[in-house]
Amino acid sequence: AEVIKVEPPDGDMSRTFPPLADDGITPYFAQQNAGKRFCSVDLTVAGAADLLRELLAHCDVLVENFRPGVLDRYGLGPAAMLERFPLPKDLVLTGP
């Protein structure tokens, strides 16, 4: 499967977990994200949600780990995704 990881503008914080390798990437981040492509989206910027929707139009699954309700605020929650796209695309992972 092709995986596109969408990160915030500052990147995934696991990129900086010590120890850093010579290339500046942590072994943990490299192992967890091997083979993935990346892009950065700041959902607080006007038009960013539209950009993410366009990307999702070409995807089979959205796996996200925002706090509950965050994607709903940007019109990207499960209900909006089911309305816009024919197949269920949202897998919601929430922590304690």
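Everything numeric in this text was worked out from a predicted model, so none of it was measured.

> Describe the packing of aromatic side chains, naming the residues involved and giving the relevant values.
Enumeration over the complete set of coordinates arrives at 2 aromatic pairs. Ring geometry for F17 versus Y28: centroids 5.9 Å apart, planes at 35°, classification tilted. With a gap of 11 residues between them, F17 in the loop between β1 (4-7) and α1 (27-32) and Y28 in helix α1 connect regions that are remote in the sequence. Taking relative accessible area as the criterion, F17 reaches 33% and is therefore assigned partly exposed. Accessibility expressed as a relative area gives 44% for Y28, which makes it partly exposed. In this structure, R15 packs its charged tip against the face of F38, placed 5.1 Å from the ring centre.

> Please provide a residue-by-residue account of the pairing of strand β2 (residues 37-40), values included.
Direction of pairing for β1 relative to β2: parallel, over a ladder of 4 bridges. Pairing of K5 across the sheet is with F38, part of β2. With α1 bridging β1 and the parallel β2, this β-α-β connection has right-handed handedness.

Definitions and cut-offs
Residue numbers run consecutively from 1 along every chain, following the written order of its sequence. Only residues with pLDDT of at least 70 are given local features in this predicted model, and only at 80 or more are side-chain atom pairs given and counted; all residues enter the totals for whole chains, interfaces and linings. As a convention, hydrogens and water are excluded, and side-chain values are obtained from all of the structure's heavy atoms. Two rings from Phe, Tyr or Trp (for Trp, the six-membered ring) form a pair when their centres sit within 6.5 Å of each other. Planes less than 30 degrees apart are called stacked, planes more than 60 degrees apart edge-to-face, and all others tilted. The secondary structure listing takes helices from DSSP runs of H or I that are at least 4 residues long and strands from runs of E that are at least 2 residues long, numbered from the N terminus. The buried label applies to any residue whose accessible area, calculated with a 1.4 Å probe on protein chains only, is under 20% of its type's maximum; exposed applies above 50%, and partly exposed to all values in between. In this scheme, Lys NZ or Arg CZ marks a charge over a ring once it lies within 6 Å of the ring centre and within 35 degrees of the ring normal. Paired strands, in this sense, are two strands between which DSSP finds at least two bridges. Every crossover in which the path from the first strand over the helix to the second runs clockwise, viewed with the strands pointing away from the viewer, is termed right-handed.

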